[in-house]
Amino acid sequence: MPVPGDGFVGLAADQNVGVEVLTRYAEFWKIPNKPVNKIPGTDVDTIFCSGRPEQAFDGKKVVISPCSAEDATRIAQDYDLTVTAGINMISLPVSEEAQVSIQTQTYDFQGSQIESVITSKGHVVLSRIRGRDTYLLSIDLVKNYNQLMSGVDDTPHPRFRFVTKLRGSYNLIPRFVRNRAFRDPAGLEKLREETIAPMECLRLIFLASIVKASGRAVPFVGFWRRGKDYALAVTHDVETREGLENGCMRLYDVEQKLHVRSTWNVPSDRYPLSNEILSKLAVAGELGAHDTRHDGRLVLADFEAKVKRVGECRTTLEQVSGKEVRGFRSPLLQHSNELVEALGKAGYTHDSSIPSWEILSPTSLGPHGIGTVFPFIASGIVEVPVSLPQDHQLLRVVGLKAPESIELLHKFSHWISSLGGACVLLVHPDYDFGLPENQDDYRRLLEVFTQDPKCDIMTLDEIARWWSHRDRVSWSLENGRMQVNMPDGQFGPVAGEIHVKLATDYDDRTGLRTELLS
């Protein structure tokens, strides 16, 4: 499958961590890339640098992202420029339908020999040194990436630790008390582009700057299966016996009529499990593990205790249902790097415990999230963020009614779909949508997706499998042309679903211009 182009994008940084982060940006898009040594080979035509390069890359087109205020000052001195730093909101269009934003530290380079290439509301994002193939970014892409990825850890608040350890479970606090403590009617104002998916703004800047600097079409791999623009996963966390025996069946009936297969996350030891119900749900969709007792103590356990606990949950659910359990969802959306590692050790292939952003984390008692609406690989397993506001946040924290929640979920799902992301819906059978009087509302929520031919409706396991397949795509240079390669024997029939697109240009008014190559 040859594509236009005659070289890799070289990734350069003084420290390994910089090269690692740049590689993650490139691998998100799946563009042809490779780390470069001091003197890049002839197969590299454009170089992306984190920090001021220590040597000249003669004959190459170079994009430089400053790695600190001191580094920005040295870069300015190299080109007889001045630079000022400040915190600014950067907003850029992905397309004419959607934009992405991030509030971050920026470095404003100024001088007579510099010209603007990409701007955002008066702030220069990418500039070019006149007469040179050298481009300067105003944003530190490596530092921003690391800051956002620190969202994998949601550190428990001392009050949460105290209450959970003292009482043995947060569940011993009456529900009405918990609901009152977690009310934030003004929380909707905090649900914005720059909180839900700032990572998408950074990723767009990375690719757009390469396209502008290289002056050629840059190939990248489509996010989803051929013919699909975005994905949806319908997921349910079943907290109570009432939810399992009644709420689940109501949601199940709606989904069956709409031919939607969903993921049902069930705790193994909180209430009696029905083999009949679990088998039915597993056949209609899939089962996911939801800890043992759903008591809030999982994130407080040591590593080996975490491994034991999540392993026991998986084993019990498989024994009761007779079906394989591959995925996990933590109670309260608790998450940490250690928990992800424990899941991998216990044999899970994917997790969906990290929100893109939520108004109020019950664990850290503040707003929290990972800042992306796409899956990513962490410690060897696929993490699928909960990208849409979960029903608990909308119904209990903000205080919306079910119809109001649907309108908001449709609004955010339209934005995520315009980015090409994964809409991950979390609906508890134990709450309002599981009640008999709200089944028409639940049907209305799902119909927007089922009626959209561009939506790829998958279970969490199917999303994880697909993303893992896509992650293994690689590039090579054959006879001066780029070639996309897929691992032998690993793709099977889905190999034909992989498709390549070209990023042909970027316009800071209309967004990224792309075309389908294959």
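Located above this text is the structure these notes cover.
Residues numbered from 1 in each chain as written. Predicted model: local features only at pLDDT ≥ 70, side-chain atom pairs only at ≥ 80, totals over all residues. Heavy atoms only, no water.

*Asks:* Before we go on, may I ask you to explain the side chain of Asp43 in this structure?
*Replies:* Here Asp43 is to be found in the loop between strand E3 (33–35) and strand E4 (44–50). Only 2.8 Å separates the side chain of Asp43 from the side chain of Lys34, close enough to count as a polar contact. Setting aside residues up to four positions removed in sequence, Asp43 forms contacts with Gly7, Phe8, Lys34 and Leu477. (Helix = DSSP H or I, 4+ residues; strand = E, 2+ residues; numbered from the N terminus. Polar contact = N/O pair within 3.5 Å; in protein donor to acceptor, adjacent residues only side chain to side chain. Contact = heavy atoms within 4.5 Å.)

*Asks:* What am I meant to see in the sheet that holds strand E24 (residues 511–516) here?
*Replies:* Think of a sheet as strands paired side by side through backbone hydrogen bonds, with each pair either parallel or antiparallel. In space, the three strands of this open sheet follow the order E11-E23-E24, with antiparallel pairing throughout. In the strand order of this sheet, the two ends are held by strand E11 (218–221) and E24, each with one partner. Going across the sheet, the axis of each strand differs from the next one's by a mean of 40°, ignoring polarity. Bridge count for E11 against strand E23 (residues 500–507) is four bridges, and the pairing is antiparallel. Bridge pairing in E23 places Val221 opposite Val500. (Pairing = 2+ DSSP bridges. Axes fitted to C-alpha atoms, helices over the stretch in contact; angles between N-to-C directions.)

*Asks:* Can you walk me through the packing of helix H8 (residues 241–258) against helix H9 (residues 275–284) in this structure?
*Replies:* Any two packed helices are characterised by how steeply their axes cross, that is the angle between the axes, and by the distance between the axes. Close contact between H8 and H9 brings their axes to 11 Å; oriented N to C, the two are set at 25°. It follows from the interaxial angle that H8 and H9 lie roughly parallel. Where H8 crosses over H9, the handedness of that crossing is left-handed. Contact with H8, carried on its side by Leu244, Glu245, Cys248, Met249, Tyr252 and Gln256, involves Ile277, Leu278, Lys280, Leu281 and Ala284 of H9 and no other residues of that element. Here the residues of the contact of H8 with H9 sort into eight nonpolar, one polar and two charged. (Parallel < 35°, antiparallel > 145°, perpendicular 65-115°, else oblique. Left-handed = near helix turned anticlockwise from the far one by under 90°. Nonpolar A, V, L, I, M, F, W, Y, C, P; charged D, E, K, R; others polar.)

*Asks:* Would you take a moment to explain the state of the cysteines for this structure?
*Replies:* In protein structure, a disulfide is the covalent linkage between the sulfur atoms of two cysteines. Applying the stated criterion across every chain yields a total of zero disulfides. Free cysteine: Cys313, not disulfide-bonded; nearest cysteine sulfur from Cys248 at 15 Å. For Cys313, a relative accessible area of 0% gives the class buried. Unpaired in terms of disulfides, Cys423 finds its nearest cysteine sulfur in Cys455, a separation of 6.8 Å. (Disulfide = S-S within 2.5 Å. Buried < 20%, exposed > 50% of the residue type's maximum accessible area, 1.4 Å probe, protein only.)

*Asks:* Just checking my understanding: could you explain the layout of surface pockets for this structure?
*Replies:* Where empty space is left in the structure can be found by rolling a water-sized probe over the atoms. If you add up the space inside the largest pocket, you get close to 690 Å³. Contributing to the lining of the largest pocket are 31 residues, with Phe223, Ser418, Leu419, Gly420 and Lys501 lying nearest its centre. If you list the elements that add at least two residues to the lining of the largest pocket, you get helix H1 (16–29), helix H7 (198–214), helix H13 (402–419) and E24. Among the elements that make up the lining of the largest pocket, the one with the highest residue count is H13 (four residues). A per-class count over the lining of the largest pocket returns 13 nonpolar, nine polar and nine charged. Taken as a whole, the second largest pocket holds about 420 Å³ of empty space. In this structure, the second largest pocket is lined by 21 residues; those nearest its centre are Arg24, Tyr145, Arg203, Phe376 and Ile377. Breaking the lining of the second largest pocket down by element, the ones donating at least two residues are H1, helix H3 (141–149), H7, strand E17 (376–378) and helix H15 (460–471). Counting residues per element, the lining of the second largest pocket draws most heavily on H1, which supplies five residues. Looking at the lining of the second largest pocket residue by residue, the classes come out as ten nonpolar, four polar and seven charged. (1 Å grid on protein atoms, 1.4 Å probe; cavity = no way out; pocket = protein on both sides within 12 Å on 5 of 7 lines; lining within 4 Å. Points joined across faces, edges and corners; volume = space filled by probe spheres on them.)

*Asks:* Sorry, what's going on with the nonpolar core here?
*Replies:* Most often, soluble globular proteins have nonpolar side chains that are buried together. Core analysis: the biggest nonpolar cluster contains 155 residues, and Ile31 and Phe206 have the highest contact counts within it. Ranked by residues supplied to this core, first place goes to H7 with eleven residues. Contacts of Ile31, omitting those with residues within four sequence positions, involve Val9, Ala26, Phe206, Leu207, Ile210, Val218, Pro219, Phe220 and Trp475. (Core = buried A, V, L, I, M, F, W, Y, C linked by side-chain atoms within 4.5 Å.)

*Asks:* Where do I start with helix H10 (residues 303–321) in this structure?
*Replies:* In an α-helix, one full turn covers 3.6 residues, which means residues spaced three or four apart are oriented alike. With 19 residues, H10 ought to run about 27 Å at 1.5 Å a step, and its terminal C-alpha atoms sit 27 Å apart, in line with that. Restricting attention to buried positions, one finds in H10 the residues Lys306, Val307, Arg309, Val310, Gly311, Cys313, Arg314, Leu317 and Ser321. Contacts made by the buried residues of H10 are with strand E13 (263–266), H9, strand E14 (286–289), strand E15 (327–328) and helix H11 (337–345). Phi for Gly322, located one or two positions after H10, is positive at around 75°. (Expected span 1.5 Å × (residues − 1).)

*Asks:* Sorry, what's going on with the sheet that holds strand E9 (residues 123–129) here?
*Replies:* In space, the seven strands of this open sheet follow the order E3-E2-E4-E5-E10-E9-E8, with mixed pairing throughout. At either margin of the open sheet sits one strand with a lone partner, and together these are E3 and strand E8 (114–120). Direction aside, the axes of adjacent strands within the sheet are offset by 25° on average. In this structure, E8 lies alongside E9, joined through six bridges in antiparallel fashion. Bridging across to E9, Ile118 finds its partner in Leu126.

*Asks:* Can you help me understand H8 in this one?
*Replies:* Over its 18 residues, H8 extends 25 Å from the first C-alpha to the last, a length consistent with the 26 Å expected when each residue adds 1.5 Å. Turning to H8, its buried residues are Gly243, Leu244, Gly247, Cys248, Met249, Leu251, Tyr252, Val254, Glu255 and Leu258. Contacts made by the buried residues of H8 are with strand E12 (230–237), E13, H9 and helix H14 (439–450). Of the residues flanking the end of H8, it is His259, one or two places downstream, whose phi is positive at about 60°.

*Asks:* Which parts of the structure should I look at to understand the packing of aromatic side chains?
*Replies:* By convention here, two paired aromatic rings are described through the distance between centres and the angle between planes. Counted by the stated rule, this structure contains 14 aromatic pairs. Both rings, one in Tyr25 and one in Phe206, keep their centres 5.3 Å apart while their planes meet at 15°; by these two values the pair is stacked. In this pair, Tyr25 sits in helix H1 while Phe206 sits in helix H7, placing the two residues 181 residues apart along the sequence. The exposure class of Tyr25 is buried, given its relative accessible area of 0%. Their ring planes at 45° and their centres at 4.8 Å tell us that Phe48 and Phe206 sit as a pair that is tilted. Of this pair, Phe48 sits in strand E4 while Phe206 is found in helix H7, placing the two residues 158 residues apart along the sequence. The same class applies to Phe48 as to Phe206, namely buried. The structure contains a cluster of three or more aromatic residues connected by ring pairs, namely Phe28, Trp29, Phe220, Phe223, Trp224, Phe374 and Trp467. The positively charged end of Arg203 is found above the aromatic ring belonging to Phe28, 3.9 Å away from the centroid. Sitting over the ring of Phe412, Lys411 keeps its end group 5.5 Å from the ring centre. (Phe/Tyr/Trp six-rings, centres within 6.5 Å; stacked < 30°, edge-to-face > 60°. Lys NZ or Arg CZ within 6 Å of the ring centre and 35° of its normal.)

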